[in-house]
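# Secondary and tertiary structure notes
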Amino acid sequence: MGGLTREAAGLRHARPAFLVAAVAAEAVSLGCYAQLYRRILAALGARIRFRLAADVILATFFVSHLTPFGSATGTLVNASTLESYGIAATTTGEAIALSSLTSTVALIVLFGSGFVATAGQHISHQYLVIAGVALFLIALVLAAVLAVGARPAIAGRAGSWAAGVARHFRPSIDPAKVGQTSARLASLARTALTGRDFAVSFAFGAGNWLFDLLALDLVFLALRYQPGFGPLAVAYAAANIASAIPLTPGGLGVIEVTLVAVTVGFGAPKATAVLAVLGYRIANYWLPLIPGAVAYIRLRLRPGADGKTKPATTPGAAGRTNP
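Residues numbered from 1 in each chain as written. Predicted model: local features only at pLDDT ≥ 70, side-chain atom pairs only at ≥ 80, totals over all residues. Heavy atoms only, no water.

With that settled, consider the packing of helix α11 (residues 254–265) against helix α12 (residues 270–286). Two elements in contact, α11 and α12, have axes separated by 9 Å at closest approach and are oriented at 145°. Two packed elements cross with a definite hand, and for α11 against α12 that hand is right-handed. In this structure, α11 contributes Ile 255, Glu 256, Leu 259, Val 260, Thr 263 and Val 264 to the contact, and α12 contributes Lys 270, Ala 273, Val 274, Val 277, Tyr 280 and Arg 281. Looking at side-chain class alone, the contact of α11 with α12 contains eight nonpolar, one polar and three charged residues. (Axes fitted to C-alpha atoms, helices over the stretch in contact; angles between N-to-C directions. Helix = DSSP H or I, 4+ residues; strand = E, 2+ residues; numbered from the N terminus. Left-handed = near helix turned anticlockwise from the far one by under 90°. Contact = heavy atoms within 4.5 Å. Nonpolar A, V, L, I, M, F, W, Y, C, P; charged D, E, K, R; others polar.)

This part takes up the confidence of the model for the protein chain. In this model, the protein chain carries an average pLDDT of 79, and 71% of its residues clear a pLDDT of 70 or more. The weakest mean pLDDT in the protein chain belongs to helix α1 (residues 4–9) at 61; the strongest belongs to helix α2 (residues 16–43) at 94. Scored below 50 in pLDDT, residues 305–323 shows 48 contacts in the model against residues more than four places distant or in partner chains. (pLDDT = per-residue confidence, 0-100.)

On inspection of all chains with the given rule, the structure shows one cavity of 30 Å³ or more. As for the largest cavity, its lining consists of Tyr 225, Pro 227, Pro 231, Thr 263, Phe 266 and Ala 268. Here the lining of the largest cavity is built from residues that sort into five nonpolar, one polar and no charged. (1 Å grid on protein atoms, 1.4 Å probe; cavity = no way out; pocket = protein on both sides within 12 Å on 5 of 7 lines; lining within 4 Å. Points joined across faces, edges and corners; volume = space filled by probe spheres on them.)

Moving on, we come to a nonpolar patch on the surface. Nonpolar side chains collect at one region of the surface, where Val 23, Leu 66, Leu 252, Ile 282, Trp 286, Leu 287 and Ile 290 lie side by side and expose about 610 Å² of accessible area between them. Among the structural elements, Ile 290 can be located in helix α13 (residues 289–301). A relative accessible area of 55% places Ile 290 in the exposed class. (Patch = residues over 30% accessible without salt bridge, like charges linked within 9 Å, V, L, I, M, F, W, Y side chains within 5 Å. Areas by Shrake-Rupley, 256 points an atom, 1.4 Å probe, with all protein chains shown as cover. Salt bridge = Lys/Arg side-chain N within 4 Å of Asp/Glu carboxyl O. Buried < 20%, exposed > 50% of the residue type's maximum accessible area, 1.4 Å probe, protein only.)

This part takes up the pattern of salt bridges. A full pass over the atoms with the stated rule returns four salt bridges. Residues Arg 298 and Asp 55 are paired through a salt bridge, measuring 2.7 Å at the closest nitrogen-oxygen approach. With Arg 298 in helix α13 and Asp 55 in helix α3 (residues 50–64), this residue pair connects regions lying 243 residues apart in the sequence. Linking Arg 281 and Glu 256 is a salt bridge whose minimum nitrogen-to-oxygen distance equals 2.9 Å. Of the two residues, Arg 281 is situated in helix α12 and Glu 256 in helix α11; the sequence distance between them amounts to 25 residues. Using a relative accessible area of 3% as the deciding quantity, one classes Arg 281 as buried.

With respect to the secondary-structure elements, Asn 240 resides in helix α10 (residues 229–242). Overall, the relative accessible area of 14% leaves Asn 240 in the buried class. Among the polar contacts listed, one links the side chain of Asn 240 to the backbone oxygen of Tyr 236, at a separation of 2.8 Å. When near neighbours in sequence (up to four residues on either side) are disregarded, Asn 240 contacts Leu 107, Trp 209 and Ile 255. (Polar contact = N/O pair within 3.5 Å; in protein donor to acceptor, adjacent residues only side chain to side chain.)

Right, let's get into the nonpolar core. By size, the foremost hydrophobic cluster in this structure holds 35 residues, and its most contacted members are Leu 107, Leu 110, Leu 213, Leu 216, Tyr 236, Leu 259 and Tyr 280. Listing elements by their share of this core, those giving two or more residues are α2, α5 (89–117), α9 (196–222), α10, α11 and α12. If we skip the residues at most four places from it in the chain, Leu 259 touches Leu 216, Ala 235, Tyr 236, Ala 239, Val 277 and Tyr 280. Grouped together as the second largest cluster of nonpolar side chains are 24 residues, Leu 36, Leu 41, Ala 54 and Tyr 85 included. (Core = buried A, V, L, I, M, F, W, Y, C linked by side-chain atoms within 4.5 Å.)

See the structure below:
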């Protein structure tokens, strides 16, 4: 990390307005994901208020980023919370999966856009390796999505397996029943998220990534360096794709290393890249833990407090609805 001490001393010359704007962009990013989740729940027949969706997303973020096997733990928190508001755990599980799928599609589009924008630029060996790994993971994700979408029976088996794992934490879960419901909901999803519904959901998913990317760019600008859209989009998308492998909670360490490696590969000064990425991760990872803890405590103390929340319809009866 040679030169980092000298560069860190230069932080007193950084522009704080850009840092404040980065934090605001992160807030909008989280809001977009809450709207995505809310929209997909509505497509499955379960309407909730934005405040509840935001609280659930923040509480899930808090739990999943602080505990081992965070995604599974966060999913249980999400499902148990919405159960107290009249929404079946199977519907919640399908909404979580579809939200992740829609978000992943948006991330792949962002990666492709950045990849095209970097055409003809000087690239490093590090970038080629990371981009190759990212493309491989993208291929795996698309193959899994096509397999599940084409054959609901595969979704049923996947649901049974996931329920079997979750049963170790919650004995009341019936893997066979979850598998049957997963297969039925997979068929439902193919009709629930088409046309305008998918377009709006995709817009919220893209908004989540773009505002988060904007936060990263604003931290670089605060340090008086501009990597450019192409390199930054590729580095950002590659880091988030790599973090999908659950090695650490919230991709801690994986995202930082990947972002620094790719931005430096495109010519960013190493010390500047390190400082910018660490500053970004404060806004992206650590600061949201504060409202996440508040949301978690509020949901634990006031289960089912939203008396106006509409109970979920049975998954088989859910149609296209607007939030």
